[in-house]
Amino acid sequence: MSLRNIGHRLYQGEVSFDFVGKRKIWYSISGVIVLVAAIGLAMGLHLGIEFKGGSVYTVEKAGLSVSQAQDAANKIAGDTTPQVQKTGDGKIRIQVSSEEKISGPAFSQELSKEIGVPTKDIDAQVIGPSWGQQISQKALLGLIVFMVLVTVYLAIAFEWRMALAALVALIHDLLITIGVYALVGFEVTPGTVIGFLTILGYSLYDTVVVFDTVKENTRGITKQNKRTYSEAANHGLNQTLVRSINTTVVALLPVAALLFIGGGMLGAGTLNDISLALFIGLAAGAYSSICVATPLLAQLKEQTPEMRALAKRVAQRRAADAKAAEAADAPQGAEDGEEVPAGMVGPRNQPVGRSRSKGRPSGKR
């Protein structure tokens, strides 16, 4: 069966996956992932020099490998371990944190001797810790403003329960992505911050698409007694399931190429800053919009008095329908509490043998 046919059947309700009904499973999975991410955060993030200050030395020499430059930088630095990367234009980039005691000019001279490059050909840039602190504060302020604006918009466009569910999903995605960064030890740079903001926007977009469908399916839902809010929300989630999967896969393919091919195979380490954030964040965003945001929204809505009354009416109707179906299948005598004689079947209790007309002689004398 093709994905297109599955999507059509999901949209029509012929096939349905009970994401909302199994929310405890998704909450447990998310709880474990967030716990692991919190452990990673407790271990600390590997901040780049843009945030903690330091020096950057860029060298261009034919035949100079990353390992050779790393050995030379380690020999000069001593106690600290400089980070060496290869840039996209073939140059070698050496980052030394502000904890290094040797001065910038002295480091350039020693590096010139170790790798055989004139000092004038080494591009040295010094970044103070105060500049990095300002960048951190502005990034945090931008994140807070983003969260507030998103919450206000969703509360106006939809309702406050949808805004709360979407906000929880956004925080969920952010914690997972930052936790993975801490666990794998990737450096956090301004490119990483850009990646964080990008994935939050994507996660929000995917969640809004699902919520819009849920809103359409639940409009005037209290006027009927065929299905509960959770069932209607789950149907809307299934209607957008294939679309969410397709969008996520298409978005992940180029990001995976940047991360695994560009950063891994080709050695362009600078691509890892933003590509890892995008890869983890896109996957977490798709998961949270399906397994966190919508189930949480349904749970919040089911606690309202009108939805509780609706759930009660739905349960009563289904019980009545089940009772009526059992009565229709049972023989009439059994339904009335009478014992059905042997050889009598059917609602009219007709005998199995040949019937005779009342009052007619049998033909025997």
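Each remark here, short or long, concerns the structure printed above.
In this convention, every chain numbers its residues from 1, walking through the sequence in written order. In keeping with the model being predicted, local features are shown solely for residues with a pLDDT of at least 70 and side-chain atom pairs are shown and tallied solely at 80 or more, while totals for entire chains, interfaces and linings include all residues. Remark: hydrogens and water are excluded; side-chain values derive from all non-hydrogen atoms of the structure.

> Quick rundown of the overall build of the protein? Include the residues and the values.
Each helix is a run of H or I in the DSSP string that is no shorter than four residues. Each strand is a run of E no shorter than two, and both are numbered from the N terminus. The number of helices and strands found in the protein is 13 helices and 8 strands. Only protein chains enter the accessibility calculation, which uses a 1.4 Å probe. A residue is then buried if its area is under 20% of the maximum for its type, exposed if over 50%, and partly exposed in between. Looking at the protein residue by residue over its 365 residues, the buried ones come to 41%. By definition in these notes, contact holds between two residues if any of their heavy atoms fall within 4.5 Å. For the protein, long-range pairs separated by at least 24 residues make up 74% of all intrachain contacts whose partners lie at least 6 apart in sequence. Only the protein chains shown count as cover for residues, and the accessible areas themselves come from Shrake-Rupley with a 1.4 Å probe. Of the roughly 20,700 Å² of accessible surface on the protein, a fraction of 59% belongs to carbon and sulfur atoms.

> Residue-level account of the packing of helix α7 (residues 160-184) against helix α8 (residues 190-217), with values.
Two quantities define a packed helix pair, namely the angle between the helix axes and the distance between the axes. With axes taken as lines fitted to C-alpha atoms, and helix axes fitted only over the stretch in contact, angles between N-to-C directions fall between 0 and 180 degrees. For the pair α7 and α8, the least separation of the axes is 10 Å and the interaxial angle reads 145°. In the crossing of α7 with α8, the sense of the turn from one axis to the other is right-handed. Here M162, A165, A166, L170, D173, L174, T177, I178 and Y181 of α7 come into contact with α8, specifically with T192, F196, I199, L200, S203, L204, T207, F211 and K215. Residue classes in the contact of α7 with α8 are distributed as 12 nonpolar, 4 polar and 2 charged. Each crossing gets its hand from how the near helix is turned against the far one by less than a right angle, where anticlockwise is left-handed and clockwise is right-handed. Amino acid classes used here: Ala, Val, Leu, Ile, Met, Phe, Trp, Tyr, Cys and Pro are nonpolar; Asp, Glu, Lys and Arg are charged; the rest, including Gly, are polar.

> Break down the packing of aromatic side chains for me, with residues and values.
Whether two aromatic rings pair depends on their centres lying within 6.5 Å, for rings of Phe, Tyr and Trp, where Trp uses its six-membered ring; planes under 30 degrees apart make the pair stacked, over 60 edge-to-face, and the rest tilted. One pass over the full model with this rule turns up 4 aromatic pairs. Taken together, a centroid distance of 4.6 Å and an interplanar angle of 25° make the contact between Y57 and F107 stacked. Here F107 lies in helix α5 (residues 104-115) and Y57 lies in strand β2 (residues 54-59), a separation of 50 residues in the sequence. Taking the relative accessible area as the measure of exposure, Y57 reaches 2% and is therefore buried. On the basis of relative accessible area, F107 is assigned to the buried category, the value being 0%. Aromatic pair Y181 and F196: ring centres 5.8 Å apart, planes at 80°, arrangement edge-to-face. With Y181 in helix α7 and F196 in helix α8, the pair connects residues that are 15 residues apart, well separated along the chain. Using a relative accessible area of 11% as the deciding quantity, one classes F196 as buried. By way of ring pairs, the aromatic residues F17, F19 and W26 are connected into one cluster.

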